[in-house]
Structures are given as C-alpha cells and as structure tokens.
Amino acid sequence: VQLQASGGGLVQAGGSLRLSCAASGRTFSTYGMGWFRQAPGKEREFVARISWSGLNTYYADSVEGRFTISRDNAKNTVYLQMNSLKPEDTAVYYCAATRQGNVRVASTTTQYDYWGQGTQVTVSS
C-alpha cells in the first residue's frame, strides 16, 4: 500500500482544513487507517483512526469534537476534517495504514504498517 497525503496549508486559528490521503492497491478497504502528527521537537502522536468499514472511529482527547476522520473505500481515500483549529495543532500530519482492520487498539505508531509522506499544517494565532 502506498499513501499520499495532501491538503495541508496555512490557516488562522479558528479556521478549517481537510486533509486527504489517497492509497494505492486493491486491498485498501481491508486496512484500518490512522492520522498522526508530529510537531517540531516532539514525538509523533496519534490523532484519529478509522476501521476498515468506516463504522468505528477513535480520536485523541486533544482533537475530539473538532476533527472528523472518514473514508471512501470506492475512492481509496481517507479524510481528516479539521475544524476550530488552534496554534497547537501545528504539525506535519501523516496518514498510515494498519492490517488491524478494526483499529480498536491501534493507537501507536508501531501498529501501523505503511506511512504517507506527511503534509504540513500551520495554524497562526
């Protein structure tokens, strides 16, 4: 599986962005998908994840209620809608795929098998 993230950019606090992650391969619909982010000088952290079917989603406390993860298996794409953005959301955002399709416990980087190249999100105050 190859992943290509896009949609990052510069936005003012309170604004919105939608990230996309396009995947190659016929087995995309069997993979759980996740978004992680990494700010300068910090470790990569979990943001959101979604099960293979799209029925189950999980979020980090810091983004709960502001971000929404979704997927379109017909388009081999997963999305991250980010609303009410804050300066502390500034980071490089990565999409990732895991063979753990139900993603119930897949909240750490080591549980993901494939990674995209990252897209920069900068939120100005």
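Throughout what follows, the structure given in this document is the object of discussion. (Residues numbered from 1 in each chain as written. Predicted model: local features only at pLDDT ≥ 70, side-chain atom pairs only at ≥ 80, totals over all residues. Heavy atoms only, no water.)

1. Looking at the state of the cysteines
Each disulfide consists of one covalent bond between the sulfur atoms belonging to two cysteines. Enumeration over the complete set of coordinates arrives at 1 disulfide. One disulfide bridge connects cysteine 21 with cysteine 95, the sulfur atoms lying 2.1 Å from each other. Residues cysteine 21 and cysteine 95 share a disulfide whose torsion about the S-S bond is about 60 degrees; that sign makes it right-handed. Here cysteine 21 is found in strand S3 (residues 17-23), whereas its partner cysteine 95 is found in strand S9 (residues 91-98), with 74 residues between them in sequence. Accessibility expressed as a relative area gives 0% for cysteine 95, which makes it buried. (Disulfide = S-S within 2.5 Å. Helix = DSSP H or I, 4+ residues; strand = E, 2+ residues; numbered from the N terminus. Buried < 20%, exposed > 50% of the residue type's maximum accessible area, 1.4 Å probe, protein only.)

2. Thoughts on the packing of aromatic side chains
Per the stated rule, a full pass over the model turns up 5 aromatic pairs. Measuring from ring centre to ring centre gives 5.9 Å for tyrosine 31 and tyrosine 114, while their planes differ by 75 degrees; the resulting arrangement is edge-to-face. Pair noted here: tyrosine 31 is in the loop between S3 and strand S4 (32-38) and tyrosine 114 is in strand S10 (residues 114-115), with a separation of 83 residues, a long-range link. By relative accessible area, tyrosine 31 is classed as buried at 9%. A residue is classified by how much of its surface remains accessible, and tyrosine 114, at 24% relative accessible area, is partly exposed. Where phenylalanine 36 meets tyrosine 112, the ring centres are 5.1 Å apart and the plane angle is 80 degrees; that geometry is what we call edge-to-face. Taken together, the residues span a long stretch of sequence, with phenylalanine 36 in strand S4 and tyrosine 112 in the loop between S9 and S10 at a distance of 76 residues. You can call phenylalanine 36 buried: its relative accessible area is 1%. When its relative accessible area of 5% is taken as the criterion, tyrosine 112 is described as buried. (Phe/Tyr/Trp six-rings, centres within 6.5 Å; stacked < 30°, edge-to-face > 60°.)

3. Describing the nonpolar core
Core analysis: the biggest nonpolar cluster contains 36 residues, and Met33, Trp35, Leu80, Met82 and Tyr93 have the highest contact counts within it. Of all the elements in the fold, those that place two or more residues in this core are strand S1 (3-6), S3, S4, strand S5 (45-50), strand S7 (67-72), strand S8 (77-82), S9 and strand S11 (119-124). With 5 residues, S9 is the single largest residue contributor to this core. (Core = buried A, V, L, I, M, F, W, Y, C linked by side-chain atoms within 4.5 Å.)

4. A short note on the environment of threonine 27
Relative to the helices and strands, threonine 27 resides in the loop between S3 and S4. C-alpha of threonine 27 to C-alpha of valine 123: the two residues are 96 residues apart in sequence and 34 Å apart in space.

5. Section: the side chain of serine 51
Tracing the backbone through its elements, the reader meets serine 51 in the loop between S5 and strand S6 (57-59). Here serine 51 is in contact with Gly32, Asn56, Arg71, Gly101, Asn102 and Val103, once residues within four sequence places are set aside. (Contact = heavy atoms within 4.5 Å.)

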